[in-house]
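A structural walkthrough
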Amino acid sequence: MAHRLQIRLLTWDVKDTLLRLRHPVGEEYASKARAHGLEVEAASLGQAFRQAYRAQSLSFPNYGLSQGLTSRRWWVDVVLQTFYLAGVRDAQAVTPIADQLYEDFSKPFTWQVLEGAEATLRECRKRGLRLAVVSNFDRRLEDILMGLGLREYFDFVLTSEASGWPKPDPRIFREALRLAQVEPAVAAHIGDSYPCDYKGARAVGMHSFLVVGPEPLDAAIKDSVSQECLLPSLSHLLPALDHLEGF
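The structure displayed is predicted, hence computed values, not measured ones.

Moving on to the packing of aromatic side chains. Taken as a whole and judged by the stated rule, the model has 12 aromatic pairs. When the ring of Y29 is compared with that of F49, the centres are 5.8 Å apart and the planes differ by 75°; the resulting orientation is edge-to-face. Here Y29 is found in helix α1 (residues 25-35), whereas its partner F49 is found in helix α2 (residues 42-59), with 20 residues between them in sequence. An identical accessibility class is assigned to Y29 and F49; each is buried. Seen in terms of ring centroids, Y63 and W75 are 6.4 Å apart; in terms of plane orientation they differ by 45°. Their pairing is tilted. Taken together, the residues span a long stretch of sequence, with Y63 in the loop between α2 and α3 (71-85) and W75 in helix α3 at a distance of 12 residues. Y63 sits in the buried class, given a relative accessible area of 7%. Counting every residue linked through ring pairs, the aromatic cluster contains Y29, F49, Y53, Y63, W74, W75, F83, F105, W111 and F137.

Okay, here's the thing in C-alpha cells:
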C-alpha cells in the first residue's frame, strides 16, 4: 500500500490572505490629513501611495534594514513621498500625519479579518496541524494579530523584518522550516502572491496554495498553478489538503 503524504506544517501569508485594511490606503491617508487640517483627495493619495511604495521598495528593499533604515523610518518616508506626489510639498506639515498613520496601522481597528480566516485556522488546529506566519511585514504584525485574536493559532510569527529576508527569498522559508523542525515535503504555504508566496515556497520544496480573488486570473499564472492548488476562498483549503494527502 502506498504511503500517504501527511502535511504537518502550514505557513501563512497575512495581508490579503488572512487580513485586509478596513479602508483603502488613500482613504486612510486623506482622513488623517483632514484631522490635521489638510484636504487631499483620497484617489490622488491612493495613486501616489502605489507609486511611492514601489519606488521605496526598489530603492530600499525589506524596509532598508541593510542600508541603515528602521521600518518606522521607511514607512514615514513612504508617507512623506506619497503626500509630496499628491501635491503637498510641506514635509513639516505631513510629518505628524505620517507618525499618526504609522501608529494607527499597528492597531487592530485599522484591519479586518477576512471571511472564513479564523474558522479555517481553528479547523486546521483541530486537525493537529502546526501553523506559522511567514510574512513580508514589519515588527507591528505580532500586536496586530494579537489584537484581532489570531495570534493564538500560530506557533511563531516570522516577518521579513525579523529574519532579514523578504519573500520570495528562499531563506525566509528555510528559516520557518528550521524553526518548526520539519522537512519541506510535509509543509505547505498559503498566500495570495504568485511570485512571493506560491513560487517562493515551491522553490524550497514546500507545497503551496494560491489564494485567488473573484478577478480573472492571469493566463500565465493559471497555466503554472494546478487547479487543486488554487483557493477561491479559505474555505477551500481543507478539501485541497485532503486532495493533496490522497484522501
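What follows is about the environment of E161. Following the sequence through the fold, E161 ends up in helix α7 (residues 160-163). Taking the C-alpha atoms as reference points, E161 and S57, separated by 104 residues in sequence, lie 13 Å from one another. Setting aside residues no more than four positions away along its own chain, E161 makes contact with N62, Y63, L65, S71, F137, D138 and R139. A distance of 3.0 Å separates the side chain of E161 from the side chain of S71, its partner in a polar contact.

With that out of the way, let us pick up the domain arrangement of the chain. Looking at the chain, the domain boundaries give domain 1 (9-18 + 114-245) and domain 2 (21-110). Here the C-alpha centre of domain 2 lies 27 Å away from the C-alpha centre of domain 1. Applying the counting rule to domain 1 against domain 2 returns zero salt bridges. Taken together, the connections running from domain 1 to domain 2 amount to seven residue pairs in polar contact (both at pLDDT 80 or more). Listed by contribution, the elements that provide at least two residues to the side of domain 1 that touches domain 2 are α6 (141-147) and α7. With three residues, the single largest contributor to the side of domain 1 that touches domain 2 is α6.

Another point: unusual backbone geometry. The residue after K167, namely P168, is reached through a cis peptide bond having omega 10°. Locating P168 in the fold gives a position in the loop between α7 and α8 (170-180). Of note, the phi angle at D16 is positive, near 65°, even though the residue is not glycine. Examined against the element boundaries, D16 turns out to sit in the loop between β1 (9-12) and β2 (19-21). When its relative accessible area of 35% is taken as the criterion, D16 is described as partly exposed.

What follows covers the nonpolar core. Counting 65 residues, the largest nonpolar core has L10, W12 and F83 as its most contacted members. Tallying contributions element by element places α3 first for this core, with seven residues. Residues lining this core come from more than one domain, with at least three contributed by each of domain 1 (9-18 + 114-245) and domain 2 (21-110). Setting aside anything within four residues of it in sequence, one finds L10 in contact with C124, L129, R130, L131, A132, A188, I190, L237 and L241. Among the nonpolar cores identified, the runner-up in size contains 16 residues, and A176, A187, V204 and M206 belong to it.

What follows covers the sheet that holds strand β7 (residues 207-211). A sheet is described by the order of its strands in space; here six strands give the open sequence β5-β4-β1-β6-β7-β8, paired in parallel fashion. A strand with exactly one partner marks an edge of an open sheet, and here the two such strands are β5 (156-159) and β8 (230-231). Pairing analysis gives four bridges linking strand β4 (residues 130-135) to β5, with the strands arranged parallel. Considered in β5, the bridge of A132 is made with F156. Against the sheet, α8 makes contact with β1, β4, β5 and β6 (187-191), and its axis sits at roughly 160° relative to β5, the strand it touches most.

Reading the values: the criteria
- Residues numbered from 1 in each chain as written.
- Predicted model: local features only at pLDDT ≥ 70, side-chain atom pairs only at ≥ 80, totals over all residues.
- Heavy atoms only, no water.
- Phe/Tyr/Trp six-rings, centres within 6.5 Å; stacked < 30°, edge-to-face > 60°.
- Helix = DSSP H or I, 4+ residues; strand = E, 2+ residues; numbered from the N terminus.
- Buried < 20%, exposed > 50% of the residue type's maximum accessible area, 1.4 Å probe, protein only.
- Contact = heavy atoms within 4.5 Å.
- Polar contact = N/O pair within 3.5 Å; in protein donor to acceptor, adjacent residues only side chain to side chain.
- Domains from an automatic or database assignment.
- Salt bridge = Lys/Arg side-chain N within 4 Å of Asp/Glu carboxyl O.
- Core = buried A, V, L, I, M, F, W, Y, C linked by side-chain atoms within 4.5 Å.
- Pairing = 2+ DSSP bridges.
- Axes fitted to C-alpha atoms, helices over the stretch in contact; angles between N-to-C directions.

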